[in-house]
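Structure assessment
Here are the chains, one letter per residue:
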Amino acid sequence: MARSDRLAEYAGKRDFTKTQEPAPAKRRPGRGRGARRALGFFVQKHDARRLHWDLRLEWDGVLLSWAVTRGPSPDPSQKRLAVRTEDHPLSYAEFEGTIPKKEYGGGTVMLWDRGTWEPGDGIDDVDKALENGKLRFVAHGERMRAGWILVRMRRRPQEKRENWLLIKEHDEEANDDPEALVEHYTKSIATARSMPRIALEEGEGAQAAKPAARRKGGARAKASKRGARPPPFQQPQLATLTEDVPAGSNWLHEMKFDGYRCLVAVGGGNAICYTRSGLDWTAKFGEVAGALAGLDCASALLDGEIVASAGDGGSDFSALQSALSEGKPTEYYAFDLLHLDGDDLRSLPLVERKERLRALLAFLPAAAPVHFSEHVQGHGRQVFEEMCRSGKEGIIAKKADAPYSNRRTRTWLKIKCRNRQEFVIGGYKRSDKRGRPFSSLLLGAYEGDELVYRGKVGTGYSEAVMDDLAGKLEKLRRKDSPFDRIGAAAARGAVWVSPRLVAEIDYSELTGGGQIRHGSFIGLREDKAPAEVTMENASNPPREIGNELHGVRLTNADRVLYREQGVTKADLVRYYDAIAKRMLPLMERHPLSLVRCPKGTGDKCFFQKHASGGFPEALKEVPIRESSGKEEEYLYVDDVAGLIAGVQMGTLEFHIWGSRIDKLEKPDRVVFDLDPDEALDFEVVKLASMVVRDRLAKLGLETLPLVTGGKGIHVVAPLRRSADWPRIKAFTKGFATTLAGEHPDVFTATMSKSRRHGRIFLDWLRNERGSTAIAPYSTRAKKGAPVAMPVSWKELRDLEAANSFGLEEAKRRLARPDPWAAYGDLRQSITKKMHDAVL
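Summary of the structure given here. Along each chain, residue indices are assigned from 1 in the same order as the chain's sequence is written. Where local features are concerned, this predicted model is filtered to residues with pLDDT of at least 70; where side-chain atom pairs are given and counted, the filter is 80 or more; whole-chain, interface and lining totals use all residues. Here the side-chain values reflect all heavy atoms present in the structure, with hydrogen atoms and water set aside.

**Let's talk about the packing of aromatic side chains**
Each aromatic ring pair is described using two quantities: the centre-to-centre distance and the angle formed by the ring planes. Formally: The aromatic pairing rule takes the rings of Phe, Tyr and Trp, using the six-membered ring of Trp, and pairs them if the centres are within 6.5 Å, calling planes under 30 degrees apart stacked, those over 60 edge-to-face and the rest tilted. Helix and strand assignments follow DSSP, with helices taken as H or I runs no shorter than four residues and strands as E runs no shorter than two, numbered in order from the N terminus. Here the term buried applies to any residue with accessible area under 20% of the maximum for its type, exposed to any over 50%, and partly exposed to those in between, with areas from a 1.4 Å probe on protein chains only. Placement of a charge over a ring requires the Lys NZ or Arg CZ to be within 6 Å of the ring centre, with the centre-to-atom vector within 35 degrees of the ring normal.
With the rule as written, the count across this model stands at 25 aromatic pairs. With 5.9 Å between their ring centres and 90 degrees between their planes, Tyr-10 and Tyr-92 make a pair best called edge-to-face. Note that Tyr-10 is positioned in helix 1 (residues 3–12) and Tyr-92 in the loop between strand 4 (80–89) and strand 5 (97–99), a separation of 82 residues in sequence. With a relative accessible area of 2%, Tyr-92 lands in the buried category. Here Trp-112 and Tyr-185 contribute two aromatic rings whose centre-to-centre distance is 6.4 Å and whose plane-to-plane angle is 85 degrees, an arrangement assigned as edge-to-face. Here Tyr-185 lies in the loop between helix 3 (180–184) and helix 4 (195–202) and Trp-112 lies in strand 6 (residues 107–119), a separation of 73 residues in the sequence. Among the residues examined, Trp-112 registers a relative accessible area of 0% and is labelled buried. In textbook terms, an aromatic cluster arises when at least three aromatic residues are bridged by ring pairs, as seen for Tyr-10, Phe-16, Tyr-92 and Phe-95. Note that Arg-143 overlies the ring of Trp-112, its terminal NZ or CZ placed 5.8 Å from the centroid.

**Examining the sheet that holds strand 43 (residues 760–763)**
Sheets are built from strands that pair by backbone hydrogen bonding, the pairs being arranged parallel or antiparallel. What counts, and what does not: Any two strands between which DSSP finds at least two bridges are classified as paired. The criterion used for residue contact is that any of the two residues' heavy atoms lie within 4.5 Å. Axis angles are defined between N-to-C directions and span 0 to 180 degrees, where every axis is a line fitted to C-alpha atoms and, for a helix, only to the segment in contact.
One open sheet holds the 6 strands; their spatial order is 42-43-39-41-40-45, and the pairing between them is mixed. Strand pairing shows two members of the sheet lacking a second neighbour, strand 42 (747–748) and strand 45 (789–790), which therefore form its edges. Note that strand 39 (residues 669–676) and strand 43 share 4 bridges and pair antiparallel. Each bridged residue has a counterpart across the sheet, and for Asp-675 the counterpart in strand 43 is Phe-761. Along the sheet, helix 14 (residues 725–742) contacts strand 39, strand 42 and strand 43; its crossing angle with strand 39, the most-contacted strand, is approximately 35 degrees.

**Quick look at the nonpolar core**
Stated formally: Residues grouped as a nonpolar core are buried Ala, Val, Leu, Ile, Met, Phe, Trp, Tyr and Cys residues, joined through side-chain atoms within 4.5 Å.
Counting 95 residues, the largest nonpolar core has Met-587, Val-692, Val-707 and Phe-747 as the members making the most contacts within it. A total of 10 residues in this core trace back to one element, the largest contributor, which is helix 11 (residues 569–587). If you look at the next biggest cluster of nonpolar residues, it comprises 35 residues, including Phe-438, Leu-441, Leu-442 and Ala-503.

**Comments concerning the packing of helix 11 against helix 12 (residues 640–648)**
As a reminder of what qualifies: Each angle receives one of four descriptions, namely roughly parallel if under 35 degrees, roughly antiparallel if over 145, roughly perpendicular if within 65 to 115, and oblique otherwise. Here a crossing is taken to be left-handed if its near helix is turned anticlockwise relative to the far helix by less than a right angle, and right-handed if that turn runs clockwise. As a working rule, the residues Ala, Val, Leu, Ile, Met, Phe, Trp, Tyr, Cys and Pro are called nonpolar, Asp, Glu, Lys and Arg charged, and the rest polar, with Gly in that last group.
Running from amino to carboxyl end, helix 11 crosses helix 12 at an angle of 140 degrees, the nearest separation of the two axes being 8 Å. It follows that helix 11 is oblique to helix 12 by the angle criterion. As helix 11 packs across helix 12, the resulting crossing turns out to be right-handed. For the pair formed by helix 11 and helix 12, the contact residues are Lys-569, Leu-572, Val-573, Tyr-576, Asp-577, Ala-580, Met-583, Leu-584 and Met-587 on the first element and Val-640, Leu-643, Ile-644, Val-647 and Gln-648 on the second. Classifying every residue of the contact of helix 11 with helix 12 by side-chain character gives 11 nonpolar, 1 polar and 2 charged.

**Here's the deal with the pattern of salt bridges**
Heads up, the rule is: Criterion for a salt bridge: a side-chain nitrogen of Lys or Arg within 4 Å of a carboxyl oxygen of Asp or Glu.
As enumerated under the stated definition, the model contains 62 salt bridges in all. Of the charged contacts, one joins Asp-258 and Arg-420 as a salt bridge, the two residues approaching to 2.8 Å between their closest N and O atoms. Of this pair, Asp-258 sits in the loop between strand 11 (251–255) and strand 12 (260–267) while Arg-420 sits in strand 21 (residues 419–429); the two residues are 162 residues apart in sequence, bridging distant segments of the chain. For Asp-258, a relative accessible area of 6% gives the class buried. Linking Arg-410 and Glu-809 is a salt bridge whose minimum nitrogen-to-oxygen distance equals 2.5 Å. A residue pair is termed long-range when its members are at least 10 positions apart, and Arg-410 in strand 20 (residues 408–416) and Glu-809 in helix 17 (residues 807–812) qualify at 399 residues. The class for Arg-410 is partly exposed, based on a relative accessible area of 36%.

**Some thoughts on empty space enclosed by the protein**
Applied cut-off: In this analysis the probe radius is 1.4 Å and the grid spacing 1 Å, with only protein atoms considered; a cavity is a set of points the probe fits into but cannot get out of, a pocket is an open set with protein on both sides within 12 Å along at least five of seven lines, and lining residues have an atom within 4 Å of a point. Grid points are joined across faces, edges and corners, and a volume is the space filled by probe spheres set on the points.
Within the structure shown, the criterion is met by 2 cavities of 30 Å³ or more. Of all the elements in the fold, those that place two or more residues in the lining of the largest cavity are strand 10 (238–241), strand 11, strand 12, strand 19 (394–399), strand 20 and strand 21. Tallying contributions element by element places strand 20 first for the lining of the largest cavity, with 4 residues. Residues belonging to the lining of the largest cavity are distributed by class as follows: 8 nonpolar, 3 polar and 18 charged. Within this model, the second largest cavity holds a volume of roughly 50 Å³. Around the second largest cavity sit Ile-656, Trp-657, Gly-658, Arg-669, Val-670, Val-671, Trp-725, Arg-766, Asn-767, Ser-771, Thr-772 and Ala-773, which together line it. The leading source of residues in the lining of the second largest cavity is strand 39, at 3 residues. Residues that form the lining of the second largest cavity fall into these classes: 6 nonpolar, 4 polar and 2 charged.

**With respect to the environment of Asn-163**
Relative to the helices and strands, Asn-163 is located in strand 9 (residues 163–168). Sequence separation between Asn-163 and Thr-108 is 55 residues, and the spatial gap between their C-alpha atoms is 23 Å. The residues contacting Asn-163, other than those within four sequence positions of it, are Leu-81, Ala-82, Val-83, Val-151, Arg-152 and Met-153.

**Comments concerning the packing of helix 13 (residues 682–699) against helix 14**
As a packed pair, helix 13 and helix 14 sit with axes 12 Å apart at the nearest point and diverge in direction by 125 degrees. For the element pair helix 13 / helix 14, the angle class is oblique. By crossing handedness, the relation of helix 13 to helix 14 is classed as right-handed. For the pair helix 13 and helix 14, the contacting residues are Val-691, Val-692, Arg-695, Leu-696 and Leu-699 in the first and Phe-731, Phe-735, Leu-739 and Glu-742 in the second.

As structure tokens, then:
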């Protein structure tokens, strides 16, 4: 059959008004039969009637295609069935998306591998090899590499297609783990998306939400260099301070620079240097701007750090300040690329953004003051220790597959060799030494709108620096203290100044009261606004916990319950005391089940459903008749004392029924728990939760999201207490089953672990009488001391994980608007119409 006829076969099987697949274009000149240019090699994972991998080899102007069941295996002993299918047009090479279910090949398609190929040893004529039924080829893909063999099987009379076998050659890329490729590589080689994520983003009604950086076929929309403008300033992604270096090969580790954060916007032969707060400092960094203005692109937005070299491969902030004041040259280390030639790259994985950045910088002159920030993948602890040994400030650990977020995240972590951060100058103490204008600076940091005193620092000043500071402070003098909280001793004899200057301070530790110990002045931070200065590694001054609080007698208050974080029982009591005003309206008078860890998470924990005696009176009891007919005592709380009593008994998790004790048979909420397979990224879970939200909204139910502190999301619909448990259970089961039927590659409504592989269990079983779900604002008995946190739908879009919130983050949120403020006002019911719609 002629190749043009085979492309006609491809076109004849598809309705291009319904499918996203590319229609054949005018046939391009064939490559092959002696062509010198590299031939394309592609593999697409295809979840159609059955999951398979489509192997495609470019030859003579088309893509030769085989459907490989179970996927390619690196084990030469494994022979994988490869069914020969119709030739595909070259435009299909990097197709990724969804094919409508009722169309030919309906399902999700992911670009799994790509590269080039060439005929293997002994293959002089590819057409003849295909005709003879044995093709050796060498793959230069990113996942499939080295030698492979395609062997045609004997064709039976009833078979409509040719059946071949795909076999790995015995070479350096062979692996005796038969599933090493398909088990390890589960995301797109082009966009780092999983199959469920592609199904959600590319399915019906999702096209408008596609990220701008994902163009059809993966190509960049090349902008014209002439007349291009620099992209606008973007808020930079910020790293979260932590003490633990993350393990695993999915983390990239870069040196932490000691300089000024700088985003550089390039366009039309110009470059603008922005500080982290968006100030235009191009004039200060003229040499850097001049070098980047010559980049070979129409436009770009780079992220990096301006530094002055310390002479040992590191950087020094004091040297940078001197360089700026004296007009000396500075250098720029670029570590990220946000925009390029009109494309927004922020949704791409970090590793891909850095690859593009490296390529962009490659052709700058060697003498240019611009460098690519190198990284080490994995081996984080060794990298950190080496940085500390060599006197560097620390490292920044970044998740390799994460997108760029314009905020502080946990996909970027900073680990410091020593304590160092910014503080606001609120005053100074006079010096009794001749010629010395002050003895120490009085420093603070903001907690909400309050400037809280954090101690004084009297070392680290040269004469020139001290004179310069004295001149600046003299202009800012005021009569009253700018600190909202400062002790009488610290305030005695102070000269107050308006809080407009920010100082970088190096210090050994914080005292128990949260004040600087052994601090040393490093320099002023002109790039950071005072209002942005908060403590990175200190909580609010702790409330003293005595032997009794809210009438609950406390014992062993200093017992550590979360060892890695050092969180004590007293810390948990403070947390629940603070958070109760938001937590109690959502869970009071609901029967409870508790997860108790009396000696902390490092010891035995257990789930307690019934009251067993010995609990403080603040934990109330109520008799409830169970399905067996037996009556048992259950626990509940109706005030903050009950929460504290739970902590006293070692409770790390509060789980609640969906109804209250005064009307036990009529639930006051519906909960859908999105419980994902471990392999799924959180982006998929977020998108899936929004699918659930939208479908419930069409039925007339407004919902609120809760990130569980684990790996999932709860979609919660508050209810008027009118429907009973059987109706609620029937509705939620019908809804989950219907949605799983519509999106079988994303959801399952069955608890079975085997059915959950690569999918999300839409757990409707939380809506049975006696079943429980984690209470909003409850801590979790998990690593990191996370909190189950109510959030808004808008906020959810930018979250990096379901365990993003700890105790201090939760308490700080009390100063912000309540994301669930509408919870008590939602007067909605499961109507017969809703019930019938899902059954």
